[in-house]
Amino acid sequence: PQQAGHEVGDRLVAVGATAIDPARRGLDVAQAAQAARGGSTEIVVERGTDRVHVTAEIPSEGDAPLGVDMRVVAPRVAVGFGDAVTRAVTDPIRLSGAQLAGLWLFVTGQIEATVQGPVGMVHEIAKAAQEGFLPFVLFVATISTLLGLFNLLPLPALDGGRFVFLLFEGAARRRANPRIEEAIHGYGMMVLLALILLFTIGDVRRLF
């Protein structure tokens, strides 16, 4: 970033033709950078009262297209009790929506991402703890929200998969075959455990 002319405190305004919306929590940054992989793109930053245009080379490979890990950093602002309660409800919903949008971009190949398992999650939590108590609490809250969202996906062995059976029973007005449901959830659990093992191996390889 410094080689491209960035400075500490710059606020990202645009990557190429994409205007950056902070509410998207970096998804638009990743998408715009992904489209420019293997070439260069213009980046507009706000520096004080000025707007500065710099050119950045985007590597063709790697998990951080702009050469940095993107973390949402915002100053601490005191809010009232009512606002805090409201944000406690709306922020997880907004975060879940952003993650679903990011998952769609990843599945459709519009962005590249690294999926982490339990080891990777613990490593990231430890890094957040080193930054301070507040970053640690916020990161744990974020992980909890994402795990809750994952559990609601309509996949076997998850609560979302069970909900699909409940919808079927409500529509058909009869109980699903218990043996079939048990088999589906059982095989789903085996696949889930296999994926966890696979991601854990990937975590260990990246760390060591």
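See the structure shown above.
Residues numbered from 1 in each chain as written. Predicted model: local features only at pLDDT ≥ 70, side-chain atom pairs only at ≥ 80, totals over all residues. Heavy atoms only, no water.

*Asks:* For this particular structure, what's the right way to read the pairing of strand 4 (residues 50-57)?
*Replies:* Each regular strand carries side chains that alternate between the two faces of the sheet. Pairing geometry for strand 3 (residues 40-47) and strand 4, over 8 bridges, is antiparallel. From the neighbouring strand, Arg-47 faces strand 4, where its bridge partner is Asp-50. In this antiparallel pair of consecutive strands, strand 3 and strand 4, the connection spans 2 residues, and Gly-48 shows a positive phi of 70°. (Pairing = 2+ DSSP bridges. Helix = DSSP H or I, 4+ residues; strand = E, 2+ residues; numbered from the N terminus.)

*Asks:* Where do I start with the packing of helix 5 (residues 159-172) against helix 6 (residues 178-207) in this structure?
*Replies:* Each pair of packed helices can be described by the angle between their axes along with the distance between the axes. Packing of helix 5 against helix 6 leaves a shortest axis separation of 11 Å and a crossing angle of 160°. With respect to helix 6, the axis of helix 5 lies roughly antiparallel. In the packing of helix 5 onto helix 6, the handedness of the crossing is right-handed. Contact with helix 5, carried on its side by Gly-161, Arg-162, Phe-165 and Glu-169, involves Glu-181, Ile-184 and His-185 of helix 6 and no other residues of that element. (Axes fitted to C-alpha atoms, helices over the stretch in contact; angles between N-to-C directions. Parallel < 35°, antiparallel > 145°, perpendicular 65-115°, else oblique. Left-handed = near helix turned anticlockwise from the far one by under 90°. Contact = heavy atoms within 4.5 Å.)

*Asks:* Where do I start with helix 6 in this structure?
*Replies:* Residues that lie three or four places apart on an α-helix share one face, since the helix turns once every 3.6 residues. In this model, helix 6 (30 residues) spans 43 Å end to end at C-alpha, consistent with the 44 Å of a helix rising 1.5 Å per residue. The inward-facing, buried residues of helix 6 contact helix 3 (118-131), helix 4 (133-151) and helix 5. Looking at where helix 6 begins, the residue whose side-chain oxygen comes 2.9 Å from the main-chain nitrogen of Arg-179 is Asn-177. (Expected span 1.5 Å × (residues − 1). Polar contact = N/O pair within 3.5 Å; in protein donor to acceptor, adjacent residues only side chain to side chain.)

*Asks:* Just to check I follow, could you spell out the sheet that holds strand 1 (residues 11-15) for this structure?
*Replies:* Whenever strands of a sheet pair, they do so through backbone hydrogen bonds, lying parallel or antiparallel. With respect to topology, 4 strands assemble into an open sheet ordered 2-1-3-4, the strand pairing being antiparallel. In this open sheet, the two strands that pair with only one neighbour each are strand 2 (18-19) and strand 4.

*Asks:* I tried to follow the pattern of salt bridges on my own but got confused; where do I start?
*Replies:* Between side chains of opposite charge, pairing is possible as soon as their charged atoms come close. For the structure on display, the rule yields 5 salt bridges. Here Arg-87 makes a salt bridge to Asp-91, at a shortest N to O gap of 3.4 Å. Taken together, the residues Arg-87 and Asp-91, both in helix 2 (residues 81-107) and 4 residues apart, mark about one turn of the helix. The class for Arg-87 is partly exposed, based on a relative accessible area of 41%. Under the relative-accessibility criterion, Asp-91 is labelled partly exposed at 24%. Arg-175 is the partner of Glu-169 in a salt bridge, and the nearest nitrogen-oxygen pair spans 3.4 Å. When its relative accessible area of 15% is taken as the criterion, Glu-169 is described as buried. Each of Arg-162, Glu-169, Arg-175 and Glu-181 takes part in salt bridges that share partners, so that together they form one network. (Salt bridge = Lys/Arg side-chain N within 4 Å of Asp/Glu carboxyl O. Buried < 20%, exposed > 50% of the residue type's maximum accessible area, 1.4 Å probe, protein only.)

*Asks:* Just to check I follow, could you spell out the packing of helix 2 against helix 4 for this structure?
*Replies:* Two numbers describe how helix 2 lies on helix 4: the axes approach to 10 Å, and their chain directions differ by 65°. Every pair of crossing elements has a handedness; the one defined by helix 2 and helix 4 is right-handed. Where helix 2 approaches helix 4, its residues Pro-92, Leu-95, Ser-96, Gln-99 and Leu-100 are matched on the opposing element by Thr-142, Thr-145, Leu-146 and Leu-149. Here the residues of the contact of helix 2 with helix 4 sort into 5 nonpolar, 4 polar and no charged. (Nonpolar A, V, L, I, M, F, W, Y, C, P; charged D, E, K, R; others polar.)

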